[in-house]
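# Architecture and fold: a report
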Amino acid sequence: MNKMLKILGWGVVALLGAVAVGTVAVHRGEPINALWLVVAATCCYALGYRFYSRFIAVKILALDGLRATPAERLENGRDFLVTNKWVVFGHHFAAIAGPGPLVGPVLAAQFGYLPGTMWVLAGAVFAGCVQDFVILLFSVRRDGKSLTEMAKSEIGRVGGFVAYVAVIAILIILLGVAALIVVNALKSSPWGTFTIAMTMPIAVLMGVYLRRIRPGKVLEVSALGFVLVLTAIWGGQYVSQNPALAQVFTFSAPTLAILIMVYGFAASALPVWLLLAPRDYLSTFVKLGTIALLAVGIVALHPTLHMPPLTRFVDGTGPVFAGKIFPFAFITIACGAISGFHALISSGTTPKLIARETETRMVGYGAMMCESAVAIMAIIAACVVQPGIYFSINSPAGIVGQAPAAAAATISSWGFPVTAADMQALAHAVGEQTLYNRTGGAPAFAVGMAHIFSHSLGGDTLMALWYHFAIMFEALFILTILDAGTRVARFMVQDALGHVYKPLGRTSWYPSILGTSALIVAAWGYFLWQGVKDPLGGINSLWPLFGISNQLLATVALCVATTIIIKMHRAKYAAVTLVPLAWLVAVTFTASWQKMFDSNPRVGFLAQAQALAAGPATSVTGRLIFNNRLDAAVTGVLVVMVTLVLVESGRQWWGILSGTREAPVKEAPFVRTRLVEERLVEERG
Amino acid sequence: MKRIISGWHILVAMLQEIFDEAAYARFLGRAGIVSSRLAYAAFQREKEEGYARRPRCC
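Residues numbered from 1 in each chain as written. Chains lettered and ligands numbered in written order. Predicted model: local features only at pLDDT ≥ 70, side-chain atom pairs only at ≥ 80, totals over all residues.

Scanning chain A from N- to C-terminus turns up 28 helices and two strands. Taken over C-alpha atoms, the radius of gyration comes to 25 Å for chain A, in line with the 26 Å a tight globule of 685 residues would show. Seen along its three principal axes, the alpha-carbon backbone of chain A occupies a region of about 70 × 65 × 60 Å. The contacts in chain A between residues at least 6 apart in sequence include a share of 81% that link residues at least 24 apart. (Helix = DSSP H or I, 4+ residues; strand = E, 2+ residues; numbered from the N terminus. Rg over C-alpha atoms; globule rule 2.2 N^0.38 Å. Contact = placed C-beta atoms within 7 Å.)

Structure below.
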């Protein structure tokens, strides 16, 4: 009876999911309600988790609840620690959830809501969740080794080297792109700039409070910091309405870029407790709260999606970024579907906390499902606003023109009616001078989020506060990544330089700290500056570059996973990682080729350099030509390196399957867990 | 009711882990000291390197 009920229950979920996905996929004409996306996503995740992840856990990985994990065997009370599975889940989710699943889907919404939704659902269930799950388990079985170490030991030295370089490259490109998003969100916005500026003294105050007044009371001080940030948002309104103060906090994009570079350098060089740690706490507090609030807001309001399922821009002529739906939709949305960066976290802190192997399914597969749900929320937020407004915010001046009337006319001519008066009214409602040409995804997401929040809580009068709350939330996210990322990259460079000259590897030696911090900030600062000076808004070139590098890292992670699966004599199931790998190779190699060699100057870096060289020379032409050639070279180098990993992996697979090569599994030896007995003793006694 | 209380405890434990409060409590237990400015400074020194190396996703 119980079994019958279960079958019936899952049958209903499958039927409901099929109807919802079918409705999302084939519905045309009238706008669709966002709840269809929510139902489709919920059913897909439930089915994926119940059946697909279980299949992987049982048939391929053979999760063993009796095998002691490194958290138990190597427990030291610091890095290695047996931890409750829900606590690890929260910890892992807090680490993988960044601004990527918010920004990528907003940018990809230029194709309509359908491509992004389908890629987020299918990509997460069949690729992203699988990658996070298997890499986590393989790291657990190897004493918590990192992806780079696993690539080195399982594929070879080439794999390890490529993974290392790919991580540094992604970090640098990511930091440049992330900083550009903040610049585009804050330029000419005294309210937003004031609020974000205030988060810095608030973070320092939190640091001092934690260190001097109430040591260790992090949750308490984070709540206090949150209240202060809300006060800063409210104060920003006053600043924006006061002409003298507004002038002080109104900055151009280049000025903001310089300020952010100075901040990144300071955050990397200052003691962690003073700025980095409290900011991270504050950011996490706001992040978890806002994601939960947004989920409730969407379900409560269940808004209508005004964006059509597919727009005319599937042909590659999109104003937000150029390029056809394949491959560009699939590199624009990374974190919500599959992100190579997650493999670093799945092989970083998390495997050292897992108490039992069987919990890797919930933590690895489950947390990525939640991340994917965040991406679905971002698609909804981008698509609830009128398409004309969406394109007005996200289109660069180089495409639609600088003047409001010209921009409105161009966008209306695409079939997305909007007037300059509409945009002026919206800008006024959210407390901005203008919302035109605010590329990068953050302002469009903020408008969507403010729309959802203000309609479910507070009404139109709070629209401006919600908008700036959303901007603050995204900028806080991004600046936290900027300071933590700069520091992580600094450590990686110091590790490498330590092999050349030992003192450079000492993380407490100030000349090394200052030198390597400057090096990293200069590297991502270059990409930021390039984006600020790009007449197409920067994000058009840099986001695809980031997407390509991130997905190439996922390619490395899936190569490692496939190699290990084959070594485990589970080759007949290798398709589980091999199919996503083949898809990613197709996507990233096509995207890389097009970004380098496409004849359309809006797509191909080299074509754009050529077009610039042929056009009228200005003071910045030479630099723009150099930037485009540099971007092409970076893309080319990444592709060549990943090709080397693929070739090396292919040789391994061929050798193992043909029996000419040994396949030693480099796992830590089996040790029986004592946790089961301890739990039984506890329960009896 | 029992489940709600248990859920609440897990939520609090999760937040304490994410926000390093649990790590600080473990540090105090390991070192056999009580919370103070000096203890927290020592904890942060120990934590600093690992903290700064912890990757966060995009």
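What follows concerns the overall build of chain B. Of regular secondary structure, chain B possesses three helices and zero strands. Within chain B, buried positions represent 29% of all 58 residues. (Buried ≥ 20, exposed ≤ 12 C-beta atoms within 10 Å, placed from the backbone.)

Below, the discussion takes up the nonpolar core. Residue and element names in this part refer to chain A. The biggest cluster of nonpolar side chains holds 238 residues, and the ones touching the most others in it are Val182, Ile379, Ile380, Phe445 and Val556. Broken down by element, the residue count for this core peaks at 21 residues, all from helix H22 (residues 463-497). Discounting chain neighbours no more than four positions away, the residues touching valine 556 are Ala151, Gly159, Val162, Ala163, Ala166, Gly340, Val642 and Val645. (Core = buried A, V, L, I, M, F, W, Y, C linked by C-beta atoms within 7 Å.)

Reports of interface size often rely on the accessible area that becomes lost once the parts have come together. The interface of chain B with chain A comprises 31 residues on the first partner and 43 residues on the second. Looking at the side of chain B that touches chain A, the elements that each hand over two or more residues are helix H1 (2-18), helix H2 (21-31) and helix H3 (37-53) of chain B. With eleven residues, the single largest contributor to the side of chain B that touches chain A is H3(B).

Close reading of the predicted structure is inappropriate where its pLDDT is low. Residues and elements named next belong to chain B. Considering every residue of chain B, the mean pLDDT works out to 83; 83% of them sit at 70 or more. Averaged pLDDT values for the elements of chain B fall to 78 in H3 and rise to 90 in H2. In the predicted complex, the global pTM is 0.90; the interface-specific ipTM is 0.82. (pLDDT = per-residue confidence, 0-100.)

Our next topic: the environment of Leu644(A). All names here are of chain A. Note that leucine 644 resides in helix H27 (residues 621-657). The partly exposed category is assigned to leucine 644, around which 16 C-beta atoms lie within 10 Å. In this structure the C-alpha to C-alpha distance between leucine 644 and valine 665, which are 21 residues apart in sequence, comes to 22 Å. When neighbours within four sequence positions are excluded, leucine 644 is seen to be in contact with Val158 and Val162.

All names here are of chain A. Orientation of helix H8 (residues 157-186) relative to H22, taken along the N-to-C sense of each, is 150°, at an axis distance of 9 Å. One way to sum up the angle between H8 and H22 is to call them roughly antiparallel. In this structure, the crossing between H8 and H22 has a hand that is left-handed. Residues Ile168, Leu171, Ile172, Leu174, Leu175, Ala178, Ala179, Ile181, Val182, Ala185 and Leu186 of H8 form the contact with H22, whose participating residues are Ile471, Glu474, Ala475, Ile478, Leu479, Ile481, Leu482, Gly485, Thr486, Val488, Ala489 and Met492. Grouping the constituent residues of the contact of H8 with H22 by class yields 20 nonpolar, two polar and one charged. (Axes fitted to C-alpha atoms, helices over the stretch in contact; angles between N-to-C directions. Parallel < 35°, antiparallel > 145°, perpendicular 65-115°, else oblique. Left-handed = near helix turned anticlockwise from the far one by under 90°. Nonpolar A, V, L, I, M, F, W, Y, C, P; charged D, E, K, R; others polar.)

With that settled, the discussion passes to unusual backbone geometry. Negative phi characterises most residues that are not glycine, and trans characterises most peptide bonds. Cis geometry is found at the peptide bond from Phe326(A) to Pro327(A), where omega equals 10°. Structurally, Pro327(A) can be placed in helix H14 (residues 325-332). Of note, Asp20(B) is a non-glycine position whose phi angle comes to about 65°, a positive value. On the secondary structure map, Asp20(B) appears in the loop between H1 and H2.

This brings us to the packing of H8(A) against helix H24 (residues 539-567) of chain A. Residue and element names in this part refer to chain A. At a minimum axis distance of 9 Å, the contact between H8 and H24 shows a crossing angle of 150°. In this view, H8 runs roughly antiparallel relative to H24, as classed from their interaxial angle. Relative to H24, the crossing made by H8 is left-handed. On H24, the residues that touch Gly159, Val162, Ala163, Ala166, Val167, Ala169, Ile170, Ile173, Leu174, Gly176, Val177 and Leu180 of H8 are Ile539, Leu542, Trp543, Leu545, Phe546, Ser549, Asn550, Leu552, Leu553 and Val556. Residue composition of the contact of H8 with H24, by class: 18 nonpolar, four polar and no charged.

Attention now moves to H8(A). All names here are of chain A. Helix length check: H8 (30 residues) gives 44 Å between terminal C-alpha atoms against 44 Å at 1.5 Å per residue, within 8%. The element H8 is extensively covered by neighbouring structure, given that 24 of its 30 residues are classed as buried. At the exit of H8 stands serine 188, carrying a positive phi of roughly 55°. (Expected span 1.5 Å × (residues − 1).)

Right, let's talk about the environment of Phe43(B) for a bit. All names here are of chain B. Position of phenylalanine 43 among the secondary structure elements: in helix H3. Through-space distance from the C-alpha of phenylalanine 43 to that of alanine 23 is 8.8 Å; in sequence the pair is 20 residues apart. Other than its neighbours up to four places away in sequence, phenylalanine 43 contacts Tyr24 and Phe27.

All names here are of chain A. Topologically, isoleucine 399 is positioned in helix H18 (residues 397-400). Given 23 C-beta atoms within 10 Å, isoleucine 399 falls into the buried group. Residues isoleucine 399 and leucine 8, 391 residues apart in the sequence, show an inter-C-alpha distance of 53 Å.

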